[in-house]
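Below, each chain spelled out in residue letters.
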Amino acid sequence: MRAGTKPLALLAGAVMVTGLGGCAAAGGDGDTTRITWFKLTESAESANAAIAQIVSDFEAENPDIEVVVEERAVDAHKDALRTTLGTNGAPDIFFSWAGPGLGGEFIDAGASLDLEPYYEQYGWADRFSDATMETVTQYGGYDGVPYTQRAEALFYNKDLFAEAGIDEVPTTYAELVDAADALAAAGITPIQFGGTVNWHVMRLLDSLLETECGADGYQALVTKQANWADEQCVTAAFTEFETWTSEYLNDGFISINNDESSALFFNGQAAMALEGDWFNQVIRDNGMDEATVGVFPFPTGTDRIYGFNENNYITVNSEHPDEAARFLDYLTSDAAQAVFIEAFGSQSVNVDVQSDGGSELDQAWGPIFADAAGVYMNNDQNLSLAETTEYWRIQNLVATGELDPAEAGATFQTFIDQQS
């Protein structure tokens, strides 16, 4: 069992959001139990449709349970969780990223139910890989049920690469910079980002930190075993970041969001996008010819893949945990996952469910996952909420030329020290 958690301190003083939840403790008509699920709106409409289909199939097999799905965009979803968990507006189930800085925030606050009895009842530990189970047990109990395994890499437009005279996919960071230079010289925007959502541009900074500091250095920094002010690789990473944001990103990136910047890739106006395996379906949904698209890992030199896991959690104050667990059992079942991975990407959290092939772009992810020597996780999952906010503030200052890259590491370390 998990050790005692902190009280719901992070939710103290939270304001109940009108219209959110409210059904979590309410039964449906007659003998129907209604459970609510707060989740992220998926980028691909076909993925949202797949979830709706899975819910419908579950309700057909379980007519005594109604699943009410409430979907929101990334930042709105985070806000909804922070204002409702610990109140009578909390859902029965909530989606969250599994890292300590996101899902861990709610677990540390005591908002997640320890699911050890359900893991025993349904045999879930055998259903999921060791890597995904580590995200469940990392807090001392059994918090959450795996939802997705995600990896992020560089998508590229083959036609634009050819137009710029790039014949080979970059396999080193130096080759990636050479490719960006060639694209820029040809009048092509090398890579697109949307800066109004901090986590989008963060992907570039995280990857540069892995490149400059190496796997051990990256882990030492995010686990506070190394000092951000003392490591020269931190200055090198922020210096590279400044170069990318000033020379290789789409003009005006800081004032648009990720959907707007992604349109540049779909329309052939930007050559690369640092996105996840979910982007395959988004490309298709936006009418881009996927035969013109390739994907390769950001060449950090460490052989680790950039990625994260997402889980679904049952709230500690749910009045219907048995029904919620029954739904999560179905959501991760062979039948549901066969529907799930067709729309979501190449990997299922259920080890018994494999992709039956898919397109060339879908199949490209298999070797990327297989060849990875490990994972370096997005820093909004590694860091606390307060640290993430400061990390983003510093990245934006460097990106806009308001902070010298040589001062970025010390600025962040000062903040970390003040939080101690």
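Please read these numbers as outputs of a predicted model, since none were measured by experiment. (Residues numbered from 1 in each chain as written. Predicted model: local features only at pLDDT ≥ 70, side-chain atom pairs only at ≥ 80, totals over all residues. Heavy atoms only, no water.)

Enquirer: Can you walk me through the overall build of the protein in this structure?
Expert: Each helix and strand counted, the protein has 19 helices and nine strands in total. For a compact globule of 420 residues, the expected C-alpha radius of gyration is about 22 Å, and the protein comes in at 22 Å, within 12% of that figure. Expressed as a percentage of the 420 residues in the protein, the buried residues total 56%. Taking as baseline every contact in the protein between residues at least 6 positions apart, the subset at least 24 positions apart corresponds to 79%. Of the roughly 16,600 Å² of accessible surface on the protein, a fraction of 47% belongs to carbon and sulfur atoms. (Helix = DSSP H or I, 4+ residues; strand = E, 2+ residues; numbered from the N terminus. Rg over C-alpha atoms; globule rule 2.2 N^0.38 Å. Buried < 20%, exposed > 50% of the residue type's maximum accessible area, 1.4 Å probe, protein only. Contact = heavy atoms within 4.5 Å. Areas by Shrake-Rupley, 256 points an atom, 1.4 Å probe, with all protein chains shown as cover.)

Enquirer: I'm lost on the packing of helix 10 (residues 232–247) against helix 18 (residues 385–399) in this one. Help?
Expert: In a pair of packed helices, the angle between the axes and the distance between the axes together describe the arrangement. Running from amino to carboxyl end, helix 10 crosses helix 18 at an angle of 55°, the nearest separation of the two axes being 9 Å. Judged by the inter-axis angle, helix 10 sits oblique to helix 18. Between helix 10 and helix 18 lies a crossing of right-handed hand. Here Phe238, Phe241, Glu242 and Thr245 of helix 10 lie close against helix 18, whose contacting residues are Ile394, Gln395, Val398 and Ala399. Split into classes, the residues belonging to the contact of helix 10 with helix 18 amount to five nonpolar, two polar and one charged. (Axes fitted to C-alpha atoms, helices over the stretch in contact; angles between N-to-C directions. Parallel < 35°, antiparallel > 145°, perpendicular 65-115°, else oblique. Left-handed = near helix turned anticlockwise from the far one by under 90°. Nonpolar A, V, L, I, M, F, W, Y, C, P; charged D, E, K, R; others polar.)

Enquirer: Explain the side chain of serine 348 to me, please; I cannot follow it from the model alone.
Expert: Counting through the fold element by element, serine 348 comes out in the loop between helix 14 (334–344) and helix 15 (360–363). At 2.7 Å, the side chain of serine 348 forms a polar contact with the side chain of glutamine 337. Reaching out from serine 348, the side chain makes a polar contact with the backbone nitrogen of asparagine 350 at a distance of 3.0 Å. When near neighbours in sequence (up to four residues on either side) are disregarded, serine 348 contacts Gln149, Gln337, Ile341 and Val353. (Polar contact = N/O pair within 3.5 Å; in protein donor to acceptor, adjacent residues only side chain to side chain.)

Enquirer: In this structure, what is going on with a negative patch on the surface? I would like to understand it.
Expert: Negative charge collects at one region of the surface, where Asp167, Glu168, Glu175, Asp178, Asp181 and Glu247 lie side by side. When residues in the negative patch are grouped by element, the largest group, three residues, is from helix 8 (residues 173–185). Checked against the element boundaries, aspartate 167 lands in the loop between helix 7 (158–163) and helix 8. (Patch = residues over 30% accessible without salt bridge, like charges linked within 9 Å, V, L, I, M, F, W, Y side chains within 5 Å. Salt bridge = Lys/Arg side-chain N within 4 Å of Asp/Glu carboxyl O. Lys, Arg positive; Asp, Glu negative; His and termini not counted. Charge placed at Lys NZ, Arg CZ, Asp CG, Glu CD.)

Enquirer: Whenever I open this one, the nonpolar core confuses me. Can you help?
Expert: Core analysis: the largest hydrophobic core is formed by 114 residues, its most contacted members being Trp37, Trp244 and Phe327. For this core, the leading source of residues is helix 9 (residues 198–222), giving twelve residues. Those residues in contact with phenylalanine 327, other than ones at most four positions away along the chain, are Ile35, Trp37, Val55, Phe58, Val67 and Ile93. By size, the runner-up hydrophobic cluster in this structure holds eleven residues, among which are Phe38, Leu81, Ile107 and Tyr313. (Core = buried A, V, L, I, M, F, W, Y, C linked by side-chain atoms within 4.5 Å.)

Enquirer: Would you mind showing me how to read the packing of aromatic side chains here?
Expert: The description of an aromatic ring pair uses the distance of the two centres, along with the angle that the planes make with each other. All told, the structure shown has 27 aromatic pairs when counted by the stated rule. Taken together, the ring pairs in this structure connect Trp37, Phe58, Phe95, Trp97, Tyr147, Phe327, Tyr330 and Phe340 into an aromatic cluster. In this arrangement the basic side chain of lysine 78 is found over the ring face of tryptophan 97, its NZ or CZ atom lying 5.4 Å from the centre. (Phe/Tyr/Trp six-rings, centres within 6.5 Å; stacked < 30°, edge-to-face > 60°. Lys NZ or Arg CZ within 6 Å of the ring centre and 35° of its normal.)

Enquirer: What exactly am I supposed to notice about helix 8 here?
Expert: Within an α-helix, residues lying three or four positions from one another point in the same direction, as the helix has 3.6 residues per turn. Compared with an ideal rise of 1.5 Å per residue, which puts 13 residues at 18 Å, helix 8 spans 18 Å between its outermost C-alpha atoms and is within 8% of the ideal. Tyr173, Leu176, Val177, Ala179, Ala180 and Leu183 are the residues of helix 8 that are buried. Within helix 8, the buried residues cover an arc of 155° as seen down the axis, which keeps them to one side. Exposed side chains of helix 8 directed beyond 90 degrees from the buried face belong to Asp178 and Ala185. (Expected span 1.5 Å × (residues − 1). Arc of directions from axis to C-beta.)

Enquirer: Explain the side chain of glutamate 390 to me, please; I cannot follow it from the model alone.
Expert: For glutamate 390, the position within the fold is in helix 18. Assessed through its relative accessible area of 10%, glutamate 390 is described here as buried. A polar contact of 2.9 Å, which involves the side chain of glutamate 390, links it to the side chain of arginine 393. In this structure glutamate 390 touches Thr411, Phe412 and Phe415, once residues within four positions along its chain are discounted.

Enquirer: Would you mind showing me how to read unusual backbone geometry here?
Expert: Glycine aside, negative phi is the norm for most residues, and most peptide bonds take the trans geometry. One non-glycine residue with positive phi stands out, namely lysine 224, at about 65°. Residue classification places lysine 224 among the partly exposed residues on the basis of a relative accessible area of 37%. Of note in the backbone geometry, aspartate 303 takes a positive phi value of approximately 70° without being a glycine. Its location among the elements puts aspartate 303 in the loop between strand 7 (293–296) and strand 8 (304–314). Relative accessible area serves as the criterion here: at 56%, aspartate 303 is assigned to the exposed category.

Enquirer: Where do I start with the pattern of salt bridges in this structure?
Expert: Oppositely charged side chains can form a pair if their charged atoms are brought close together. In this structure the tally under the stated criterion is 16 salt bridges. Between arginine 34 and glutamate 66 there is a salt bridge, with its nearest N and O atoms 3.3 Å apart. Residue arginine 34 is found in strand 1 (residues 33–40), and its partner glutamate 66 is found in strand 2 (residues 65–72); the two are separated by 32 residues along the sequence. Here lysine 39 makes a salt bridge to glutamate 42, at a shortest N to O gap of 3.7 Å. In this pair, the class of lysine 39 matches that of glutamate 42, namely buried.

Enquirer: Quick question: what am I supposed to make of helix 18 here?
Expert: An ideal rise of 1.5 Å per residue puts 21 Å on 15 residues; helix 18 measures up with 21 Å between its terminal C-alpha atoms. Of all the positions in helix 18, only Glu387, Thr388, Glu390, Tyr391, Trp392, Ile394, Gln395, Val398 and Ala399 are classed as buried. Considering only its buried residues, helix 18 is in contact with helix 2 (74–84), helix 9, helix 10, helix 17 (379–382) and helix 19 (405–419). Once helix 18 ends, the next one or two residues include glycine 401, with phi positive near 75°.

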